[in-house]
Structure formats: C-alpha cells, structure tokens
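# Examination of the molecular architecture
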Amino acid sequence: QVQLVESGGGLVQAGGSLRLSCLASGSIFSINAMGWYRQAPGKQRELVATITSGGRINYADSVKGRFTISRDNAKNTVYLQMNSLKPEDTAVYYCNADYGRYDVVVGYLEVWGQGTLVTVSS
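As a starting point, this report considers the structure included with it.

About the criteria used
Residues numbered from 1 in each chain as written. Predicted model: local features only at pLDDT ≥ 70, side-chain atom pairs only at ≥ 80, totals over all residues. Heavy atoms only, no water. Salt bridge = Lys/Arg side-chain N within 4 Å of Asp/Glu carboxyl O. Buried < 20%, exposed > 50% of the residue type's maximum accessible area, 1.4 Å probe, protein only. Helix = DSSP H or I, 4+ residues; strand = E, 2+ residues; numbered from the N terminus. Phe/Tyr/Trp six-rings, centres within 6.5 Å; stacked < 30°, edge-to-face > 60°. Lys NZ or Arg CZ within 6 Å of the ring centre and 35° of its normal.

### A short note on the pattern of salt bridges
- In this structure the tally under the stated criterion is 4 salt bridges.
- As a salt-bridge pair, arginine 38 and glutamate 46 come within 2.8 Å of each other at their nearest N and O atoms.
- On the accessibility criterion, arginine 38 (6% relative accessible area) is buried.
- By relative accessible area, which is 35% here, glutamate 46 ends up partly exposed.
- The shortest N-O distance in the salt bridge between arginine 66 and aspartate 89 comes to 2.8 Å. With a gap of 23 residues between them, arginine 66 in the loop between strand 6 (57–59) and strand 7 (67–72) and aspartate 89 in the loop between strand 8 (77–82) and strand 9 (91–103) connect regions that are remote in the sequence. Considered together, arginine 66 and aspartate 89 belong to a single accessibility category, that of buried residues.
- When salt bridges that share partners are traced, they join Arg38, Glu46, Arg66 and Asp89 into one network.

### Some remarks on the packing of aromatic side chains
- As enumerated under the stated definition, the model contains 2 aromatic pairs in all.
- Ring geometry for tyrosine 37 against tryptophan 112: centres 5.1 Å apart, planes inclined by 70°, an arrangement best described as edge-to-face. Here tyrosine 37 is found in strand 4 (residues 33–39), whereas its partner tryptophan 112 is found in strand 10 (residues 107–112), with 75 residues between them in sequence.
- Residue tryptophan 112 is classed as partly exposed on the basis of its relative accessible area, which comes to 31%.
- A ring pair is formed by tyrosine 102 and tyrosine 108, whose centres lie 5.0 Å apart and whose planes are at 65°; its orientation type is edge-to-face.
- Here tyrosine 102 falls in the exposed class, since its relative accessible area comes to 55%.
- Between arginine 45 and the ring centre of tyrosine 94, over which it is positioned, the NZ or CZ distance is 3.8 Å.
- The ring of tryptophan 112 is capped by arginine 45, whose NZ or CZ atom sits 4.5 Å from the centre of that ring.

Right under this line is the structure:
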C-alpha cells in the first residue's frame, strides 16, 4: 500500500485557480483508480474526480468544466487543477487510492491522504 500526501491548498478569491498535488510514496501505475474527494464542515465526504489506471476519468457534476484531474506515473503524482473556484468549493480535499480489491475482513482496499484545505472567499 502507498502513502499519500496532498499539497497545494490555500486561500483564493472566487473565480481564481488552484492546483492540488497528491504525491504517493510508491508507484501508482498498478492502482485501479486514483481520485480526489472533498469534505466541508458538517457535511459528508463527496467525490470530486477519479482517474483509473486505464485513463478513464469521472467528475462530479458540480465541478465539470471547471476542474481537471490528471496523473504523472513517473512522478507518482495525481493532480487536480481547479479553475473558476466558487465559495461552495471550500472544503478539505483528500486524495484516494482504490486498489480495486476486496478482503473478507477489511473490505474494499483503499488509502486516504491527510487532506489539504481549500478556502474560496466571496
């Protein structure tokens, strides 16, 4: 299992941009899917975007056309480019690795990063 470290969060005005990075401690080449999720205070964690090992990409409807997920296998890094940011994008953003495997005791195998805070002001 890899360890994940997010970076790039911060304070930005509405309409601005940020680029988040998720650095893995090892190769992400064979991981079934990498993704970004976010959680605002008092709310459930929600999907933002995912990218599979085969390059298939999925976005939440709320970020389509504004956010772009990408990965660089050579750098063991997944990125989230966020443009046209809105106050409702304010949340802690978490990187996720989904191994696409099931263990009878643990369940579906996945790894989470520690999160990076994104704050968008009006």
